[in-house]
Amino acid sequence: MRPSFSSVVLFALAISSTACQDAPTGTLPDSVEVRLANPVAWPGSDLVVLSPALAGQPALPEVLLDTLHLTVARRDDSTVTARLPDTSGVFALHVKLHGGDRFGSVRIVGFVGRADAPPLTGWPQPTSPGSPVVIAAAESSLVELDLRTGATVDLGIGHSGGCAVSPGLSFRPRAVVAQADTGRCGRAVSWVLDASATPIDSAPLGGFAADRIWAELSPGMWLQTAHHYMRVYRPGDSTLTEQIESGERVVLSPDRSLAIVLATWAPNQVPVVESATGTITFRLPFARAEGVAFSPDGDTIFAAGRANFNADEPERLVAASAASGQVAIDTPVTMPMLWDVVLDPGGRWLYGVALTDSGATFQPIIHVFDRHTLGHVGRIRPPAAVVCRADFCGQISLAIDSSARKLCALEIAGWGLFFSTIPAGIYTFDLVPTTQAAQVLSP
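Keep in mind the model is a prediction, meaning the values are calculated, not measured. (Residues numbered from 1 in each chain as written. Predicted model: local features only at pLDDT ≥ 70, side-chain atom pairs only at ≥ 80, totals over all residues. Heavy atoms only, no water.)

Asks: For this particular structure, what's the right way to read the overall build of the protein?
Replies: A count of helices and strands for the protein gives one helix and 38 strands. By the burial criterion, 52% of the 443 residues in the protein qualify as buried. Put simply, of all contacts in the protein between residues at least 6 apart along the chain, 46% involve residues at least 24 apart. About 19,100 Å² of surface is accessible on the protein, with carbon and sulfur atoms providing 55% of the total. (Helix = DSSP H or I, 4+ residues; strand = E, 2+ residues; numbered from the N terminus. Buried < 20%, exposed > 50% of the residue type's maximum accessible area, 1.4 Å probe, protein only. Contact = heavy atoms within 4.5 Å. Areas by Shrake-Rupley, 256 points an atom, 1.4 Å probe, with all protein chains shown as cover.)

Asks: How should the nonpolar core be read in this particular structure?
Replies: The tendency in soluble globular proteins is for nonpolar side chains to be buried side by side. Leu 217, Leu 223, Ile 260, Leu 284 and Ile 301 are the most contacted members of the largest nonpolar core, which has 32 residues in total. Among the elements that line this core, the one with the most residues is strand E24 (residues 258-262), at five residues. Discounting residues that sit within four places of it in the chain, Leu 223 has contacts with Ile 213, Trp 214, Ala 215, Leu 217, Met 230, Arg 231, Val 232, Val 250, Val 261 and Val 273. In terms of nonpolar packing, the next biggest core, distinct from the first, is built from 25 residues, Val 109, Val 342, Trp 349 and Leu 407 among them. (Core = buried A, V, L, I, M, F, W, Y, C linked by side-chain atoms within 4.5 Å.)

Asks: Explain unusual backbone geometry to me, please; I cannot follow it from the model alone.
Replies: Across residues other than glycine, the phi torsion is negative in most instances, and most of the peptide bonds are trans. With phi around 55 degrees, Arg 174 is a residue other than glycine that occupies positive phi space. Assignment of secondary structure puts Arg 174 in the loop between strand E15 (168-170) and strand E16 (175-179).

Asks: Help me understand the packing of aromatic side chains, please; the structure alone is not making it clear to me.
Replies: The geometry of an aromatic ring pair is captured by the separation of the ring centres together with the interplanar angle, meaning the angle of the planes. Considering all chains together, one arrives at four aromatic pairs under this definition. Ring centres of Phe 111 and Phe 429 lie 5.5 Å apart, and the angle between their planes is 65 degrees; on these two criteria the pair is classed as edge-to-face. Taken together, the residues span a long stretch of sequence, with Phe 111 in strand E10 (residues 111-117) and Phe 429 in strand E37 (residues 424-430) at a distance of 318 residues. Phe 429 sits in the buried class, given a relative accessible area of 0%. Here the aromatic cluster, defined as three or more aromatic residues joined through ring pairs, consists of Trp 42, Trp 349 and Tyr 351. (Phe/Tyr/Trp six-rings, centres within 6.5 Å; stacked < 30°, edge-to-face > 60°.)

Asks: I tried to follow the sheet that holds strand E38 (residues 439-440) on my own but got confused; where do I start?
Replies: Either a parallel or an antiparallel arrangement is found when strands of a sheet pair, and the pairing is made through backbone hydrogen bonds. With antiparallel pairing, five strands are arranged side by side in an open sheet as E6-E7-E3-E1-E38. Lying at the two open borders of the sheet, with one neighbouring strand each, are strand E6 (71-76) and E38. Bridge count between strand E1 (residues 35-36) and strand E3 (residues 46-50): two bridges; the pairing is antiparallel. In the strand pairing of E3, Arg 35 is matched with Leu 50. (Pairing = 2+ DSSP bridges.)

Asks: What exactly am I supposed to notice about the side chain of Thr 79 here?
Replies: Inspection of the secondary structure assignment puts Thr 79 in strand E7 (residues 79-83). Judged by relative accessible area, which is 4%, Thr 79 ranks as buried. A distance of 2.8 Å separates the side chain of Thr 79 from the side chain of Asp 76, its partner in a polar contact. Leave out the neighbours within four places in its chain, and Thr 79 touches Val 48, Val 49, Leu 50, Leu 54 and Arg 74. (Polar contact = N/O pair within 3.5 Å; in protein donor to acceptor, adjacent residues only side chain to side chain.)

Asks: Which parts of the structure should I look at to understand the pattern of salt bridges?
Replies: Two side chains that carry opposite charge are able to pair once their charged atoms sit near each other. Following the criterion strictly, the structure yields 16 salt bridges and no others. Notably, a salt bridge pairs Arg 379 with Asp 86, separated by 3.9 Å at the nearest N-O pair. Of the two residues, Arg 379 is situated in strand E34 (residues 376-380) and Asp 86 in the loop between E7 and strand E8 (89-97); the sequence distance between them amounts to 293 residues. A single network of salt bridges, built from pairs that share partners, joins Asp 86, Arg 379 and Arg 381. (Salt bridge = Lys/Arg side-chain N within 4 Å of Asp/Glu carboxyl O.)

Asks: Got a minute to help me understand the side chain of Ser 51 in this structure?
Replies: If you trace the backbone, Ser 51 turns up in the loop between E3 and strand E4 (62-65). With relative accessibility at 4%, the residue Ser 51 sits in the buried group. Separated by 2.9 Å, the side chain of Ser 51 and the backbone oxygen of Glu 33 make a polar contact. Reaching out from Ser 51, the side chain makes a polar contact with the backbone nitrogen of Ala 53 at a distance of 3.0 Å. Setting aside residues no more than four positions away along its own chain, Ser 51 makes contact with Val 32, Glu 33, Val 34 and Ser 78.

Put into structure tokens, the structure is as follows:
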């Protein structure tokens, strides 16, 4: 029996309909480029994917990191971002676009490792701003410690063992201030070191004994802190005294013209002292500040702290003019207190270290900020098993090896005269390159 004309037509239409469903529509040619702007990225940051294939597409592409679907947002007509997880490692990247897929890889920087150094006490003093080579106090003398290798050199400079144990700083290059070991609170001496870290010259300080730290601001001008006050003076002539609680550290500007005293409580706000005159030029808007860094040109101060001495007060991060103190950027930071900050001299980032409580233990967490906006970019965490040996991580400070793209956090268990036998801990983290080429994703 021959099929009717109508059944032939219906059969032909069915075949045509099936063929239309199976045929690819809007296939993305292999020649259409899809680029990943940042194939090396911070944990918790945004990947940036760029392609003309994104233009005019109302639907967002799917972005997978291995098998994890990332949250995608549109930045502009040809750019989308995908939020990375708070982890590290090398991962496969799969971008599902309208009409085709693209493939690549992402390296998320992270924790490198922890190494032990000899037991130390007090706060370390970098040999230059942010340097991975620091001077610190061992049990009875000062040592130079290279955070990149863990190697130490005993400087042969004794300290009092009780008062002002932390090494002080000086306006003179390659100089360190130590309170003499002639008594519990003896007079301080400023030592100049040669290239091999050997003391070659010394100058005794006048004035009163300090129990926190000394700084040599300019010829004949000294700053000292004790538990409840700060004093700036010329020998025999006190020029400035003011209440400051636990002024443990002093930071000098790159040209050494300004000195900032970091304190747990400054009732009149944190003072910025002019080195030549010993007078306060302006104050930072904090009652408590633990982390300060200058820009390499000395024009900008980056500081982290709290406006009031209140545990409920949010941490703030500011960028202020080093000429006037005028705050240019002020942002609250929704995270624990930053114990130190350091600027990346070759990049656009500012790093801060906070302590995260993992139950009964703590560990240092690196927070990354955009130096131009102070926006939070990402964070780097050690593995859960890597925790501080000291209670609350002791004194925790930052240093950067810009050429190797490494950041070091130094944990010191000892505190002033309370020397600890716990080894100092050096935590090393990878950094994102200062510049990187975009990755062209493969079909």
